[in-house]
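Inside the fold
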Amino acid sequence: MPDTVSKTDNFLKAIEKYAEEQRGKLQSEVEAFREREMNAAEEEGLREAYTMIQKTMADINSRIARETSKADAASKKNIFLKRQQIEDEVFARAKEKLLAFCETEKYAALMKRSAVNISHVLKADDVVLYVRQDDMKYKAKLKLYFGVNCEIQPTDEIEIGGMIGVSRSMGLIADETLDAKLLQQREWFYENSGLTVTES
């Protein structure tokens with residue numbers, strides 16, 4: 001019996017040590033993430049989403065650390081599910097912020113910048129721009145950057161905002177959607193957050 005208690009104590013200590021290491025690692029990564037993304041973000045809507053993600057990551061780390069300190073091997077599945085739920089909640093809120101941003105005047109400026117960026121990449125006469133149905137109101141302005149031959153079509157593939165440019169003659173696709181940028185953030189979060197539970 002004492003051997004079982006000792007093993008349990010060692011296991012809990014290992015989990016606590018792992019949680020402490022992850023907290024330190026996450027704090028360094030959060031700081032690097034904040035600096036890199038704040039410098040790179042051009043649109044206010046994304047900066048707000050990144051800030052919200054950064055603030056939430058500290059809370060996630062604390063919550064995960066508390067749960068892992070109480071866990072044993074049998075309960076790790078529940079911790080993984082909780083981590084996924086928290087991640088889903090964070091990015092659902094980020095998506096809501098971006099959708100609200102798409103209703104502001106600043107979104108029109110973002111659409112202009114996106115059109116300029118795509119026009120520098122897709123220098124062809126067969127460019128097709130895909131936008132949300134709600135963004136078809138920008139059609140006339142967007143044509144200014146590509147010429148009258150440019151087609152602008154609505155698509156359901158863009159849920160948040162931005163645009164996708166396609167040139168078949170060049171064989172290129174330029175994705176300037178907020179959907180893609182948020183997905184990149186989720187992939188970075190998943191790969192670099194350090195919010196995993198393993199046996200030591």
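Structure shown above.
Described below are features of the structure shown in this document. Just so you know, these numbers come straight off a predicted model, no measurement behind them.

What the chain contains, in helices and strands, is 6 helices and 4 strands. Helices and strands appear in the chain in the N-to-C order α-α-α-α-β-α-β-β-β-α. Counting only residues that meet the buried cut, the chain has 42% of its 200 residues in that class. Taking as baseline every contact in the chain between residues at least 6 positions apart, the subset at least 24 positions apart corresponds to 72%. Carbon and sulfur atoms make up 51% of the accessible area of the chain, which totals about 11600 Å².

A word on the packing of helix 4 (residues 105–121) against helix 5 (residues 139–146). One can describe the packing of helix 4 onto helix 5 by two numbers: an axis separation of 9 Å at closest approach and a directional angle of 30 degrees. If you check the angle between helix 4 and helix 5, you find them roughly parallel. The handedness of the crossing between helix 4 and helix 5 comes out as right-handed. Facing M111, K112, A115, V116, I118 and S119 of helix 4, the residues of helix 5 in contact are L142, Y145 and F146. When its residues are assigned to classes, the contact of helix 4 with helix 5 shows 7 nonpolar, 1 polar and 1 charged.

Another aspect to go through is helix 4. Helical geometry: 3.6 residues make up each α-helical turn, so side chains three or four residues apart lie on a common side. Taking 1.5 Å of rise per residue, the 17 residues of helix 4 would be expected to cover 24 Å, and the 26 Å separating its terminal C-alpha atoms lies within 8% of that figure. Turning to helix 4, its buried residues are Y107, L110, M111, S114, A115, I118 and S119.

On to the nonpolar core, then. As a rule of thumb, soluble globular proteins bury nonpolar side chains together. The biggest cluster of nonpolar side chains holds 37 residues, and the ones touching the most others in it are I53, Y107, L129, L142, M163 and L178. For this core, the elements supplying multiple residues, two or more each, are helix 2 (44–70), helix 3 (76–101), helix 4, strand 1 (127–131), helix 5 and helix 6 (178–192). Residues contacting L142, with those up to four places away along its chain left out, are M111, A115, L129, V131, I152 and M163.

What counts as what
- Residues numbered from 1 in each chain as written.
- Predicted model: local features only at pLDDT ≥ 70, side-chain atom pairs only at ≥ 80, totals over all residues.
- Heavy atoms only, no water.
- Helix = DSSP H or I, 4+ residues; strand = E, 2+ residues; numbered from the N terminus.
- Buried < 20%, exposed > 50% of the residue type's maximum accessible area, 1.4 Å probe, protein only.
- Contact = heavy atoms within 4.5 Å.
- Areas by Shrake-Rupley, 256 points an atom, 1.4 Å probe, with all protein chains shown as cover.
- Axes fitted to C-alpha atoms, helices over the stretch in contact; angles between N-to-C directions.
- Parallel < 35°, antiparallel > 145°, perpendicular 65-115°, else oblique.
- Left-handed = near helix turned anticlockwise from the far one by under 90°.
- Nonpolar A, V, L, I, M, F, W, Y, C, P; charged D, E, K, R; others polar.
- Expected span 1.5 Å × (residues − 1).
- Core = buried A, V, L, I, M, F, W, Y, C linked by side-chain atoms within 4.5 Å.

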